[in-house]
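So the chains spell out like this:
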Amino acid sequence: MTNPAPPLVRPEIAALAGYVPGEQPQGGKWIKLNTNENPYAPSPAVARALAATAAGRTLAKYPDPLATVFRMRAAEVLGVDPDWIICGNGSDDLLTIFVRTFVGAGECLRMPYPSYILYRTLAGIQGAVCDEFQYERDWSLGDGFAAPRTSAGADVKLAIIANPNSPSGTLLPHDRIRELAAQLPCPLVVDEAYGDFAAEHCLDLVRENERVIVSRSFSKSYALAGLRFGFAVAQPAVIAELQKVKDSYNCDALSIAAATAAIDDQTWLAENRAKIVATRRRLTDAMRGLGYDAVESQANFVWCTHPTRPHRPVYEALKSQGILIRYMNYAGWGDGLRITVGTDDEIDAFLAVMKTI
Ligand SMILES: *Cc1c(COP(=O)(O)O)cnc(C)c1O
């Protein structure tokens, strides 16, 4: 029996299951294909920026609260002005800022289902309702997603769509996002944590619609999950409100310097993306060859289900051989295996074990 929560905390927190991240074994020789990290080392410019920042007196002082050097550099790369950008301690930090900014207690956060479960947790912490609207079986999203209220009458104050989505890796087309943004009564966050691996993105929608916010992560496409840095793009009046909610020093000097160096190296990004996309193709085809339905992915992972074979034992058999993938079970939807695109060698090792299961 678990201990009852002490009567000190808010009832919303006591009722919360708490977000459970994927396994992060420390030490040991795992092939990690479970939390969508990039299998390659980041741009060498990152190590140089970190060393230079650590060497002088920079770390003795508080960092720039607005990460101005990063915003200036990112603004050039993205073709927006710096005051359209807010930085976060990972894009999870930005998601927290969005929910705190837009959704009050008893109000509603809408998200598709199945998707990134953290959104639900953030709504729970806020004492808000999370309304999870099911994807169709082909991972398209019906117009009901834009309904202004829940069936119980709560006002929808924020919607978040991971695009590409996790676990499916699928992308709602740019024009579909535009339609949903126009129909929704509230801001729409397009969580593009995997956007750099996809065929299209929604940055231009921010310019035409004040309600669209796009967030990006350095954890996946820039191979910096251990660093913690993300940013969001929105119109300046929206950014100004978000700045009020964030912690004063939410990004430290090392991560600001490293992220600036990383976004400066677009050649590294393009090469890394090409490698991941090629291995993604190979992994998808190989899983189909093994009888799986492997969804065509726009991200750095592939969602696989088997029409007859149970999924959990496959995850366990792989784990016993030192290979971690993600087993996901979504109530009311079904379960499956989410496999991160590793290096070619890692995917070969994974496929070799798969063939013996
Ligand atoms: C990984 C992930 C994030 C979090 O990224 P961080 O920058 O590491 O906080 C956000 N959204 C989705 C959909 C993700 O998969």
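Residues numbered from 1 in each chain as written. Predicted model: local features only at pLDDT ≥ 70, side-chain atom pairs only at ≥ 80, totals over all residues. Heavy atoms only, no water.

Next up on the list: the site of the ligand. Surrounding the ligand, one finds Gly90, Ser91, Asp92, Tyr116, Ala162, Asp191, Ala193, Tyr194, Ser217, Ser219, Lys220 and Arg228. With respect to the ligand, the backbone of Asp92 contributes an N or O atom lying 2.9 Å from an oxygen atom. For the ligand, an oxygen atom lies 2.8 Å from a polar atom in the side chain of Arg228. Protein burial of the ligand: of its 390 Å² of free accessible surface, 93% is covered by the chains. Residues of the shell around the ligand, tallied by class, amount to four nonpolar, four polar and four charged. (Near = heavy atom within 4 Å. Polar contact = N/O pair within 3.5 Å; in protein donor to acceptor, adjacent residues only side chain to side chain. Areas by Shrake-Rupley, 256 points an atom, 1.4 Å probe, with all protein chains shown as cover. Nonpolar A, V, L, I, M, F, W, Y, C, P; charged D, E, K, R; others polar.)

This brings us to the sheet that holds strand E9 (residues 293–294). Overall, mixed pairing links the five strands, which are arranged E1-E11-E12-E10-E9 in an open sheet. Two strands in the sheet have a free side with no partner beyond their single neighbour: strand E1 (31–33) and E9. Judged from the three bridges that link them, E1 and strand E11 (residues 323–330) form a sheet pairing that is parallel. Its bridge partner lying in E11, Lys32 is registered against Leu324. Docked against the sheet, helix H11 (residues 312–320) engages E11 and strand E12 (334–340), running at close to 160° with respect to E11. Docked against the sheet, helix H12 (residues 344–356) engages E1, E11 and E12, running at close to 90° with respect to E1. (Pairing = 2+ DSSP bridges. Helix = DSSP H or I, 4+ residues; strand = E, 2+ residues; numbered from the N terminus. Contact = heavy atoms within 4.5 Å. Axes fitted to C-alpha atoms, helices over the stretch in contact; angles between N-to-C directions.)

This part covers the environment of Lys319. Note on placement: Lys319 falls in helix H11. Exposure remark for Lys319: the relative accessible area of 31% places this residue in the partly exposed category. As for Lys319 and Lys32, which are separated by 287 residues in sequence, their C-alpha atoms are 9.8 Å apart. Setting aside chain neighbours within four positions, we find Lys319 in contact with Glu23, Trp30 and Leu324. (Buried < 20%, exposed > 50% of the residue type's maximum accessible area, 1.4 Å probe, protein only.)

By the secondary structure assignment, Gly336 is in strand E12. Owing to a relative accessible area of 0%, Gly336 belongs among the buried residues under this scheme. The contact partners of Gly336, leaving out residues within four places of it in the chain, are Trp303, Cys304, Thr305, His311, Arg326, Tyr327 and Met328.

Moving on to the state of the cysteines. Using the criterion set out here, one finds zero disulfides in the structure. Considering cysteine sulfurs only, Cys108 is the nearest to Cys186, which forms no disulfide, with 8.3 Å between them. By relative accessible area, Cys186 is classed as buried at 3%. (Disulfide = S-S within 2.5 Å.)

The next thing to look at is the nonpolar core. Among the nonpolar cores identified, the biggest contains 55 residues, and Phe70, Ile161 and Phe218 are the most heavily contacted of them. A domain split of this core shows at least three residues from each of domain 1 (11–32 + 267–354) and domain 2 (44–265). Setting aside residues up to four positions removed in sequence, Ile161 forms contacts with Pro112, Tyr119, Tyr135, Leu141, Phe145, Leu172, Ile177, Leu180, Leu188, Val189, Val190 and Asp191. Core analysis: the second largest hydrophobic core is formed by 27 residues, Leu33, Ile325, Ile339 and Leu351 among them. (Core = buried A, V, L, I, M, F, W, Y, C linked by side-chain atoms within 4.5 Å. Domains from an automatic or database assignment.)

A word on helix H10 (residues 266–289). In this model H10 runs 35 Å from its N-terminal to its C-terminal C-alpha over 24 residues, within 8% of the 34 Å that 1.5 Å per residue would give. Those residues of H10 that fall on the buried side of the exposure criterion are Trp268, Leu269, Asn272, Ile276, Thr279, Arg280, Leu283, Thr284 and Met287. Directly after H10, the chain includes Gly291, whose backbone phi takes a positive value near 95°. (Expected span 1.5 Å × (residues − 1).)

Residue position: Val129 is located in strand E4 (residues 129–134). A relative accessible area of 35% places Val129 in the partly exposed class. With residues near it in sequence (within four places) discarded, Val129 still touches Gly106, Glu107, Cys108, Leu109, Ala123 and Ala154.

Below, the discussion takes up the side chain of Arg110. Among the structural elements, Arg110 can be located in strand E3 (residues 108–113). There is a polar contact of 2.9 Å between the side chain of Arg110 and the backbone oxygen of Phe145. Apart from residues no more than four positions distant in its own chain, Arg110 is found in contact with Asp131, Phe133, Gly144, Phe145, Ala146, Ala147, Arg149, Thr150, Val156, Leu158, Ala159 and Ile160.

A few words on a nonpolar patch on the surface. Taken together, the side chains of Leu8, Val9, Ile13 and Ile125 present a nonpolar region at the surface, about 360 Å² in accessible area. On the secondary structure map, Ile13 appears in helix H1 (residues 11–14). (Patch = residues over 30% accessible without salt bridge, like charges linked within 9 Å, V, L, I, M, F, W, Y side chains within 5 Å. Salt bridge = Lys/Arg side-chain N within 4 Å of Asp/Glu carboxyl O.)

Looking at the protein, the domain boundaries give domain 1 (11–32 + 267–354) and domain 2 (44–265). In this assembly, 26 residues from domain 1 lie in contact with 34 residues from domain 2. Between domain 1 and domain 2 lies a buried interface of about 2700 Å² when both sides are counted; carbon and sulfur atoms form 62% of it. Interface area lost by domain 1 to domain 2 is led by Tyr19, Gln298 and Trp333, which between them contribute 30%. Taken together, the connections running from domain 1 to domain 2 amount to zero salt bridges. Seen at the junction of domain 1 and domain 2, the total is 13 residue pairs in polar contact (both at pLDDT 80 or more). Only H1, H10 and strand E10 (301–305) provide two or more residues apiece to the side of domain 1 that touches domain 2. Per-element tally for the side of domain 1 that touches domain 2: the top contributor is H10, with eight residues. Residue classes in the side of domain 1 that touches domain 2 are distributed as 14 nonpolar, seven polar and five charged. (Buried area = accessible area lost by both parts, 1.4 Å probe.)

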